[in-house]
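# Notes for the structure review
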Amino acid sequence: MISRILDSKTKNTISRAVEKRSLAQDRRSAYKSTFFRVILQAALLLTMLILLVLLVSVFLNGTDHILSRLGDFLNGTMRSRSVDEKLGVHQALYGSLWIVIIVAVCAFPLGIGAAIYLEEYAPENRFTAFIEVNINNLAGVPSVVYGLLGLALLVNGQIFGLDRITGGRSTLSAGLTLAVLVLPIVVITASEAIKAVPNSLREAAYGVGATKWEVIRTQVLPYAAPGVLTGTLLSVSRAVGETAPLILVGAVSGRLGPNPGLFEMSALTDKFTALPLVITSWTQQSGRDVGFTAAAAAAIVVLLVVVLVVNSVAIGLRNRFEKKRG
Amino acid sequence: MRYSTRRLSPLTAILVSLVLLMAACNGDSDTDDTDDDNGGSAQSTDDTVGVGEVFISGSSTVEPISSLVADMLSDVNSDIEVTVDGPGTGDGFKLFCEGEADISDASRQIKASEKEACLENGINNIIELKVGIDGIAVMTGSDNTAVDCLTFEHLFDLIGPNGQGTKTWVEASSDLPDETLTIFGPGEESGTFDSFVEIVLEGLAEEAGVETTTRTDYNPSENDNVILRGIQSSTTSLGWLGFAFAVNAQDVKLLSIDGGEGCIAPTPETIASNEYPISRDLWIYVNADKAAANPAVAAYVDFYTTEGLAEATSEVGYVELTPEDQAQTQSRWQNRTTIG
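Residues numbered from 1 in each chain as written. Chains lettered and ligands numbered in written order. Predicted model: local features only at pLDDT ≥ 70, side-chain atom pairs only at ≥ 80, totals over all residues.

## Looking at the overall build of chain A
The helix and strand inventory of chain A stands at 13 helices and 0 strands. Secondary structure elements of chain A, listed N to C terminal, follow the sequence α-α-α-α-α-α-α-α-α-α-α-α-α. For chain A, the C-alpha radius of gyration of 27 Å lies well beyond 20 Å, the compact-globule estimate for 326 residues. Taking the intrachain contacts of chain A between residues at least 6 apart in sequence as the baseline, contacts between residues at least 24 apart amount to 75%. (Helix = DSSP H or I, 4+ residues; strand = E, 2+ residues; numbered from the N terminus. Rg over C-alpha atoms; globule rule 2.2 N^0.38 Å. Contact = placed C-beta atoms within 7 Å.)

## Here we look at the nonpolar core
Among the nonpolar cores identified, the biggest contains 81 residues, and Val54, Tyr285, Val286 and Tyr300 of chain B are the most heavily contacted of them. Ranked by the residues each element gives to this core, the list is headed by helix 12 (residues 295-315) of chain B, at 10 residues. The next biggest cluster of nonpolar side chains, apart from the first, holds 73 residues, and it includes Ala107, Ile112, Val186 and Phe272 of chain A. (Core = buried A, V, L, I, M, F, W, Y, C linked by C-beta atoms within 7 Å. Buried ≥ 20, exposed ≤ 12 C-beta atoms within 10 Å, placed from the backbone.)

## Considering the domain arrangement of chain A
Residue and element names in this part refer to chain A. With domains assigned, chain A is organised as domain 1 (17-63) and domain 2 (75-325). Taking only C-alpha atoms, the centre of domain 1 and the centre of domain 2 are 36 Å apart. Taken together, the contact pairs 4 residues of domain 1 with 6 residues of domain 2. Considered class by class, the residues forming the side of domain 1 that touches domain 2 number 2 nonpolar, 2 polar and no charged. (Domains from an automatic or database assignment. Nonpolar A, V, L, I, M, F, W, Y, C, P; charged D, E, K, R; others polar.)

## Regarding the packing of helix 4 (residues 90-121) of chain A against helix 8 (residues 171-195) of chain A
Packed helix pairs are characterised by how far apart their axes lie and by the angle those axes make with each other. All names here are of chain A. Taken N-terminus to C-terminus, the directions of helix 4 and helix 8 make an angle of 35 degrees; their axes are 6 Å apart at the nearest point. Considering how the two elements wind past one another, helix 4 and helix 8 form a crossing that is right-handed. The class makeup of the residues in the contact of helix 4 with helix 8 is 24 nonpolar, 5 polar and 2 charged. (Axes fitted to C-alpha atoms, helices over the stretch in contact; angles between N-to-C directions. Left-handed = near helix turned anticlockwise from the far one by under 90°.)

## Focus: the interface of chain B and chain A
Counting from both sides, the interface comprises 33 residues of chain B and, opposite them, 25 residues of chain A. Those elements that place two or more of their residues in the side of chain B that touches chain A are helix 1 (2-45), strand 1 (52-58), helix 2 (63-76) and strand 2 (80-85) of chain B. It is helix 1 of chain B that contributes the most residues to the side of chain B that touches chain A, 10 residues altogether. Of the residues in the side of chain B that touches chain A, the class split is 13 nonpolar, 11 polar and 9 charged.

## Focus: the domain arrangement of chain B
All names here are of chain B. Its domain assignment divides chain B into domain 1 (51-133 + 281-334) and domain 2 (134-279). With centres defined by C-alpha atoms, the gap from domain 1 to domain 2 works out at 30 Å. Counting residues at the interface gives 12 residues for domain 1, matched by 12 residues for domain 2. The class makeup of the residues in the side of domain 1 that touches domain 2 is 5 nonpolar, 6 polar and 1 charged.

## What to know about unusual backbone geometry
All names here are of chain B. Positive phi, close to 60 degrees, is recorded for Asp251, a residue that is not glycine. As for its position among the elements, Asp251 is in the loop between helix 9 (243-246) and strand 9 (252-254). Taking the C-beta count within 10 Å as the criterion, Asp251 has 12 such neighbours and is therefore assigned exposed. Its identity as a non-glycine residue notwithstanding, Asn274 has a phi of 65 degrees, on the positive side. Along the chain, the position of Asn274 falls in the loop between helix 10 (268-272) and strand 12 (279-287). Since 12 C-beta atoms lie within 10 Å of it, Asn274 is described here as exposed.

## Some points on the sheet that holds strand 5 (residues 149-151) of chain B
Residue and element names in this part refer to chain B. The strand order 5-10-11 describes an open sheet built from 3 strands, whose pairing is mixed. Two strands close off the open sheet at either side, each with one partner strand: strand 5 and strand 11 (263-264). Where strand 10 (residues 256-258) lies against strand 11, 2 bridges are found, and the strand directions are antiparallel. Bridging across to strand 11, Ile257 finds its partner in Ile264. (Pairing = 2+ DSSP bridges.)

## Side note on the pairing of strand 8 (residues 237-242) of chain B
Residue and element names in this part refer to chain B. Counting buried positions over the 6 residues of strand 8 gives 6, a clear majority of the element. Bridging between strand 4 (residues 126-141) and strand 8 involves 4 bridges; their strand directions are antiparallel. Directly across from Met139, in strand 8, lies its bridge partner Gly239. Pairing of strand 6 (residues 182-186) with strand 8, which is carried by 3 bridges, proceeds in the parallel orientation. Across the sheet, the residue bridging to Phe184 is Gly239, located in strand 8.

## Points about the pairing of strand 6 of chain B
Residue and element names in this part refer to chain B. Most of strand 6 sits inside the fold, with 4 of its 5 residues counted as buried. Sheet topology note: the strand 6/strand 7 (residues 219-221) ladder contains 3 bridges and is parallel. Counted as the bridge partner of Gly185 is Pro220 from strand 7. Handedness of the β-α-β unit built from strand 6, helix 7 (residues 191-208) and strand 7 comes out right-handed. (Right-handed = clockwise from strand over helix to strand, strands pointing away.)

## A short note on the environment of Gly261 of chain A
The topology assignment puts Gly261 of chain A in the loop between helix 11 (244-248) and helix 12 (275-285). Through-space distance from the C-alpha of Gly261 of chain A to that of Gln91 of chain A is 8.7 Å; in sequence the pair is 170 residues apart.

## Side note on helix 3 (residues 89-97) of chain B
All names here are of chain B. Inspection of helix 3 places Thr89, Gly92, Phe93, Leu95, Phe96 and Cys97 among the buried residues, and these make up the whole buried set. Check the buried side of helix 3 and you find it contacts strand 1, strand 3 (103-106), helix 4 (112-120) and strand 12. Just past helix 3, the residue Gly99 takes up positive phi, approximately 85 degrees.

## Examining the packing of helix 4 of chain A against helix 10 (residues 212-241) of chain A
Residues and elements named next belong to chain A. It is the contact of helix 4 with helix 10, at a shortest axis distance of 10 Å, that shows an interaxial angle of 140 degrees. When the axes of helix 4 and helix 10 are compared, the pair comes out oblique. Crossing hand, helix 4 versus helix 10: right-handed. When helix 4 is examined against helix 10, the residues Ser96, Ile99, Val100, Val103, Ala104, Ala107, Phe108, Ile112, Ile116 and Glu120 are found in contact with a partner set consisting of Ile216, Val220, Val228, Thr232, Ser235, Val236, Ala239 and Val240. For the contact of helix 4 with helix 10, the residue count by class is 14 nonpolar, 3 polar and 1 charged. (Parallel < 35°, antiparallel > 145°, perpendicular 65-115°, else oblique.)

## Some details on the environment of Thr305 of chain B
Mapped onto the secondary structure, Thr305 of chain B falls in helix 12. Look past the residues within four positions of Thr305 of chain B in its chain and what remains in contact with it is Leu129, Thr329, Gln330 and Trp333 of chain B.

## Focus on the confidence of the model for chain B
Residue and element names in this part refer to chain B. Residues of chain B with pLDDT of at least 70 account for 85%, and the chain-wide mean is 83. No element of chain B has a lower mean pLDDT than helix 1, which averages 43, and none a higher one than strand 3, which averages 94. Low pLDDT (under 50) marks residues 1-8, which in the prediction has 3 contacts with non-local residues, meaning those over four places away or in another chain. Contacts from residues 20-49, a stretch scored under 50 in pLDDT, to residues over four places away or in other chains number 20 contacts. The ipTM for the predicted assembly is 0.78, set against a pTM of 0.77. (pLDDT = per-residue confidence, 0-100.)

As structure tokens, this is what we get:
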């Protein structure tokens with residue numbers, strides 16, 4: 001009874017308000033919405049402008065190396081003078097490329113596997129909740145802490161003597177450290193993607209007699225694949241750009257001697273460097289030798305292209321899975 | 001559907017070819033390994049300088065010299081792979097005493113505690129070699145007659161964090177002239193900035209209980225020529241630069257510095273003799289056992305003590321050793337004179 005009175009009361013007020021709205025009020029609210037749209041457009045424009053200025057200035061600074069001696073620059077090594085013909089980023093490319101490969105090979109199967117277990121198999125109890133909370137916390141731990149972990153376990157071999165396998169300060173140590181760093185991110189994004197799979201899909205599969213594994217393999221994973229790939233894509237981009245943990249794991253920032261071929265796997269246990277470190281190092285050296293500013297800018301362009309290639313491969317894969325799901 | 005799979009097949013093809021390429025290259029590198037092994041055994045029987053790796057760590061001030069020497073050597077002999085890192089003198093000695101680094105770069109002499117750490121790890125044959133001098137010149141405009149000599153205290157008052165906001169010399173330090181003060185110097189990313197802070201400001205800043213850095217309202221530049229033009233532009237300017245660069249500059253006046261033992265003018269002689277207070281010696285420490293076992297280390301230091309001392313030190317902006325000091329460094333290396 002009371003609710004019906006309230007109902008009719010609110011109905012009345014609403015209809016009265018609508019009737020009362022004059023033309024002036026309509027116009028005012030139209031202004032308001034235009035105003036808001038302009039502000040939002042300005043926000044987007046400013047973001048794009050900042051990005052554009054950054055990209056253009058980096059590219060202009062780096063033109064000396066990018067346009068006139070790209071081949072030499074990509075094949076060259078770290079040198080102490082910016083005018084050196086052999087100056088280049090080959091060693092850094094080797095380091096960054098293999099770090100990405102190691103992260104992909106180690107972190108993705110582990111992380112996606114853990115996510116499938118957490119979402120599909122794990123019982124819903126306090127212990128599972130506790131683990132999930134901890135994984136979320138791990139994703140927020142500063143990267144330097146992972147660097148310290150890598151230093152203790154992989155470089156110094158303090159507990160299991162792992163330095164005998166990794167070779168101490170090496171590409172392998174760096175890749176494994178970054179794999180651990182991105183693992184929580186992979187687990188979180190993959191489990192979010194699996195959570196988003198509609199339950200009706202699972203029930204239908206069970207209904208026609210599929211086993212649990214068949215349901216996961218044929219229904220859940222293909223449906224969740226685009227989301228899982230987005231997560232892995234984010235984590236690879238993060239791994240390519242990390243600097244702090246690499247410094248701790250002993251990346252060389254001065255001059256690196258060995259210059260292995262891009263796919264020479266025996267050099268994985270050798271001393272290494274990576275693109276972000278070379279950029280940092282050359283920027284610092286520009287105090288002594290101004291020409292390094294251009295070299296650093298060119299290295300940034302190379303790093304951007306690497307990130308772009310990695311991203312487009314992942315986006316291509318994602319589109320393919322999305323079409324399948326279609 | 002058929003269209004979509006056909007469109008995406010290049011992607012799969014790329015992935016597959018990448019995997020195949022990796023597998024193929026892995027096979028290659030296996031044969032490389034055996035080649036290396038052969039080279040290694042040939043090396044131990046031969047006297048010839050062969051393939052080898054050298055690892056140097058330590059002071060970021062010395063790093064440019066060691067890197068340039070490595071560059072120069074690699075142009076002559078590309079079989080020697082030299083890695084140089086510059087985490088700092090202390091970190092360098094740590095790696096050196098753990099036996100990881102063959103050579104340690106240092107902007108000061110080794111401490112007794114560091115020597116002990118080396119001894120504990122069985123590294124007791126260390127060769128100490130002086131490779132250059134890092135000197136800093138403090139300058140003003142060439143027509144400035146009011147100032148000839150500054151003490152470390154003056155420099156701390158003028159350039160240290162306490163000088164923040166002062167517009168005239170007298171405002172910063174009471175016994176200096178009442179003239180406009182404009183300061184030019186290298187920016188924070190520069191090694192000369194670090195050296196100046198460490199040699200001049202650090203002790204006084206600790207005493208005064210302030211941050212060990214400069215004031216932030218000076219005119220920093222990463223380009224030595226810009227700093228020089230700034231100092232030339234005003235009679236009562238003040239600035240600092242690496243000595244090797246400053247000594248050739250026109251229209252500036254190099255100030256004498258009083259580090260507690262009277263005013264000393266910066267000249268190559270006073271810097272080489274360590275009389276001029278804003279200077280420090282640069283060293284490399286060689287693990288003699290590693291130099292004996294690894295011909296690449298010996299070849300590198302050979303090159304360092306000859307061509308390196310002659311060209312690299314001055315090329316990267318430090319003061320070259322006097323001929324006598326160069327000869328001393330060379331004889332120390334040739335006789336493998338270790339420190340006690």
